[in-house]
Amino acid sequence: MNDVPRISVIIPAYNAERYVEDAVRSVLRQMGCGAVEVIVVNDGSTDETPAALRAFAGDPRVVVIDQPNAGISAARNTGIRRARGSFIGFLDADDLFGRTDQLAIEAMYLDENRDAGWVFGDAQPCDEDGALFGTPYLRTAGYYTAASTAIYRVELGAGSFVATRDAMFVPTGTVLARREALDVSGLFDEALPMFEDIDLWIRLAETGVAFFPDVLLRRRLHDANAGLQRFAHPQAMERFIDKHAHRDRAAFAAMAKEAHYRHALAYMAAARPGDARRELARSRANGKMLRAGLLDALAAVAPGLYPRTSRFFEAGRRRPTVESLEGGGASRERAVEAAGAAERRGR
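Since this is a predicted model, take the numbers as computed values, not measurements.

Structural notes on the overall build of the chain
And then number 1: Helix and strand content of the chain: 14 helices and nine strands.
And then number 2: The buried share of the chain, reckoned over its 347 residues, is 55%.
And then number 3: Long-range pairs, those at least 24 residues apart, make up 78% of the contacts in the chain between residues at least 6 apart in sequence.
And then number 4: By element, 50% of the accessible surface of the chain is carried by carbon and sulfur atoms, the whole surface being about 14900 Å².

Some points on the nonpolar core
And then number 1: Counting residues in hydrophobic clusters, the biggest one holds 46 residues, and the most contacted among them are Trp118, Phe120, Phe161, Trp201, Phe240 and Phe252.
And then number 2: Considering each element in turn, this core owes the most residues, five residues, to helix α7 (residues 196-204).
And then number 3: Core analysis: the next-biggest nonpolar cluster, separate from the first, contains 37 residues, Leu91, Ala104, Ala116 and Leu176 among them.

Comments concerning the environment of Gln30
And then number 1: In this structure, Gln30 sits in the loop between α1 (20-28) and β2 (36-43).
And then number 2: Distance in space between the C-alpha atoms of Gln30 and Arg99 is 7.8 Å, their sequence separation being 69 residues.
And then number 3: Discounting residues that sit within four places of it in the chain, Gln30 has contacts with Phe97, Arg99, Thr100, Asp101, Gln102 and Leu103.
And then number 4: Separated by 3.1 Å, the side chain of Gln30 and the backbone nitrogen of Leu103 make a polar contact.

Comments concerning the side chain of Arg219
And then number 1: As for its position among the elements, Arg219 is in strand β9 (residues 209-220).
And then number 2: One buried charged residue, Arg219, forms no salt bridge at all, with the nearest opposite charge on Asp95 at 5.1 Å.
And then number 3: Reaching out from Arg219, the side chain makes a polar contact with the side chain of Tyr137 at a distance of 3.3 Å.

Focus: the packing of helix α11 (residues 290-301) against helix α12 (residues 306-314)
And then number 1: Contact geometry of α11 with α12 gives a least axis separation of 11 Å together with a crossing angle of 175 degrees. If you check the angle between α11 and α12, you find them roughly antiparallel. Contacts from Arg291, Leu294, Leu295 and Leu298 of α11 reach α12 at Tyr306, Thr309, Phe312 and Phe313.
And then number 2: Of the residues assigned to the contact of α11 with α12, the class counts are six nonpolar, one polar and one charged.

Side note on unusual backbone geometry
And then number 1: Backbone geometry places Asn15, a non-glycine residue, at a positive phi of 50 degrees.
And then number 2: In this fold, Asn15 is placed in the loop between β1 (7-13) and α1.
And then number 3: By relative accessible area, Asn15 is classed as buried at 14%.
And then number 4: In this model, Phe195 sits at a positive phi of 70 degrees, which is unusual for a non-glycine residue.
And then number 5: With a relative accessible area of 1%, Phe195 lands in the buried category.

Examining the confidence of the model for the chain
And then number 1: Here the chain shows a mean pLDDT of 87. Residues at 70 or above account for 88%.
And then number 2: Contacts of residues 329-347 to residues separated by more than four positions or lying in other chains number 29 contacts, the stretch itself having pLDDT below 50.

Focus: the environment of Glu21
And then number 1: Residue position: Glu21 is located in helix α1.
And then number 2: Among the residues examined, Glu21 registers a relative accessible area of 28% and is labelled partly exposed.
And then number 3: Expressed as a C-alpha distance, the spacing of Glu21 and Ala52, which sit 31 residues apart in the sequence, is 6.3 Å.
And then number 4: Once residues within four sequence positions are removed from consideration, Glu21 is found in contact with Ala52, Ala55 and Phe56.

Points about the packing of aromatic side chains
And then number 1: Here the structure, examined in full by the defined rule, presents nine aromatic pairs.
And then number 2: Pairing Tyr152 with Phe211 gives two aromatic rings, centres 5.8 Å apart and planes at 70 degrees, and the pair type is edge-to-face. One end of the pair, Tyr152, is in strand β7 (residues 152-154); the other, Phe211, is in strand β9, with 59 residues separating them in the sequence.
And then number 3: We classify Tyr152 as partly exposed; its relative accessible area is 33%.
And then number 4: Judged by centre distance (5.2 Å) and plane angle (10 degrees), the rings of Phe195 and Phe240 are stacked. With Phe195 in the loop between α6 (179-185) and α7 and Phe240 in helix α8 (residues 234-244), this pair connects stretches of sequence that are 45 residues apart. The residues Phe195 and Phe240 share a single accessibility class, namely buried.
And then number 5: Each residue in the set Phe90, Trp118, Phe120, Tyr144, Tyr152, Phe188, Trp201 and Phe211 is aromatic and connected to the rest through ring pairs, giving one cluster.

Re the environment of Ser73
And then number 1: Within the secondary structure, Ser73 is located in helix α3 (residues 72-82).
And then number 2: Overall, the relative accessible area of 4% leaves Ser73 in the buried class.
And then number 3: Once residues within four sequence positions are removed from consideration, Ser73 is found in contact with Phe188, Asp189, Glu190, Leu192 and Glu196.

About the cut-offs
Numbering of residues begins from 1 in every chain and follows the order in which that chain's sequence is written. With pLDDT at 70 or above as the cut-off, local features in this predicted model cover only qualifying residues; side-chain atom pairs require 80 or more to be listed or tallied, and sums for whole chains, interfaces and linings still use all residues. Side-chain calculation: all heavy atoms of the structure are included, whereas hydrogens and water are not. Secondary structure elements are defined from DSSP: runs of H or I of at least 4 residues count as helices, runs of E of at least 2 residues count as strands, and each element is numbered from the N terminus. Exposed residues in this analysis have more than 50% of their type's maximum accessible area, buried residues have under 20%, and partly exposed residues fall in between, with area computed by a 1.4 Å probe over protein chains only. The contact criterion used is simple: two residues touch if any of their non-hydrogen atoms lie within 4.5 Å. Here the accessible surface of atoms and residues is derived via Shrake-Rupley with a 1.4 Å probe, and residues count as covered only by protein chains that are part of the display. Working definition of a nonpolar core: buried Ala, Val, Leu, Ile, Met, Phe, Trp, Tyr and Cys residues. They are joined through side-chain atoms within 4.5 Å. Pairing of N or O atoms within 3.5 Å defines a polar contact, subject to two protein rules: one partner must be a possible hydrogen donor and the other a possible acceptor, and residues neighboring in sequence count only if both atoms are side-chain atoms. The charge count includes Lys and Arg as positive and Asp and Glu as negative, but it does not include His or the ends of the chains. One side-chain nitrogen of Lys or Arg within 4 Å of one carboxyl oxygen of Asp or Glu is enough to make a salt bridge. Lines are fitted to the C-alpha atoms to define the axes, a helix being fitted only along its stretch in contact, and any angle between axes, read from their N-to-C directions, falls within 0 to 180 degrees. Each angle receives one of four descriptions, namely roughly parallel if under 35 degrees, roughly antiparallel if over 145, roughly perpendicular if within 65 to 115, and oblique otherwise. In this count, Pro and Cys sit with the nonpolar residues alongside Ala, Val, Leu, Ile, Met, Phe, Trp and Tyr, while Asp, Glu, Lys and Arg are called charged and the others, Gly among them, polar. Looking at any residue, its pLDDT shows the predictor's confidence there, from 0 to 100. By convention, a stacked pair of Phe, Tyr or Trp rings (six-membered ring in the case of Trp) has centres within 6.5 Å and planes under 30 degrees apart, an edge-to-face pair has planes over 60 apart, and any other such pair is tilted.

Below, the structure written as structure tokens:
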């Protein structure tokens with residue numbers, strides 16, 4: 001590559017044969033942002049991901065790094081350390097950028113506003129072909145009312161990033177950060193198999209945050225989306241809470257209360273009322289919840305009624321499985337592998 005890239009986009013890839021080529025091309029379609037490099041870190045894939053990436057052999061804008069499987073945080077960190085750009089962006093291998101000018105707009109804002117260390121935007125679900133459906137996550141949640149290219153500063157404390165209802169607050173694929181901001185905040189915590197993104201955003205927020213009110217990410221939804229099962233990773237959750245609870249004790253207590261309640265639902269569904277009551281006690285230790293008290297009574301006197309009343313107790317929550325809880329939560333890699341195997345069986 002003759003030009004020193006202005007922007008580096010990191011794509012971690014594990015068994016992403018079906019989507020990774022589209023992800024890379026969505027970065028290469030970016031316009032008006034100067035030289036861009038795409039760094040794809042093949043994190044020990046066992047499928048045809050390497051073959052899919054050979055489509056870019058000879059393209060100096062695309063760098064492929066092969067490493068033994070080490071997890072998504074390690075893969076992203078490998079890419080960041082290899083990156084040469086002044087700005088660092090991220091994209092998961094199964095997602096697509098939402099606009100062809102988003103990197104240009106984000107980079108221009110960061111150039112003109114030195115008090116901001118990074119920018120993020122909204123995301124919207126898309127189908128297998130990349131066609132949008134549903135509504136943008138953050139606009140639906142009320143963070144903004146109309147799409148615009150007018151980026152603006154936002155003040156976000158640690159509690160702002162703690163979502164207890166499966167809401168995705170900062171979509172990773174929308175982030176563009178200064179290299180210096182990442183030098184200050186540190187990289188992804190490789191000891192966290194889940195919550196590693198929120199962990200970084202909390203630290204990175206201290207460098208100044210700005211928001212781009214538009215859809216910058218087309219997010220494919222499928223069973224391998226590990227972020228949909230955050231509360232199925234109890235050890236990672238406890239480490240994350242211990243790491244940041246001092247920043248906003250009320251917000252992190254609310255997160256723990258919600259998580260232990262969901263764990264109780266999983267044990268009740270598995271006909272293990274004793275374990276459910278233990279998790280309910282942990283939930284109540286972090287704050288009162290009417291449903292937790294009622295579920296505790298049900299677990300004590302009539303656990304067999306749970307299947308008939310589960311809609312009331314779950315109230316739209318995504319419930320983890322006992323297997324995932326007691327196995328420490330299925331890793332992203334195992335989730336992707338399982339989804340790929342199911343897809344191949346269906347062909």
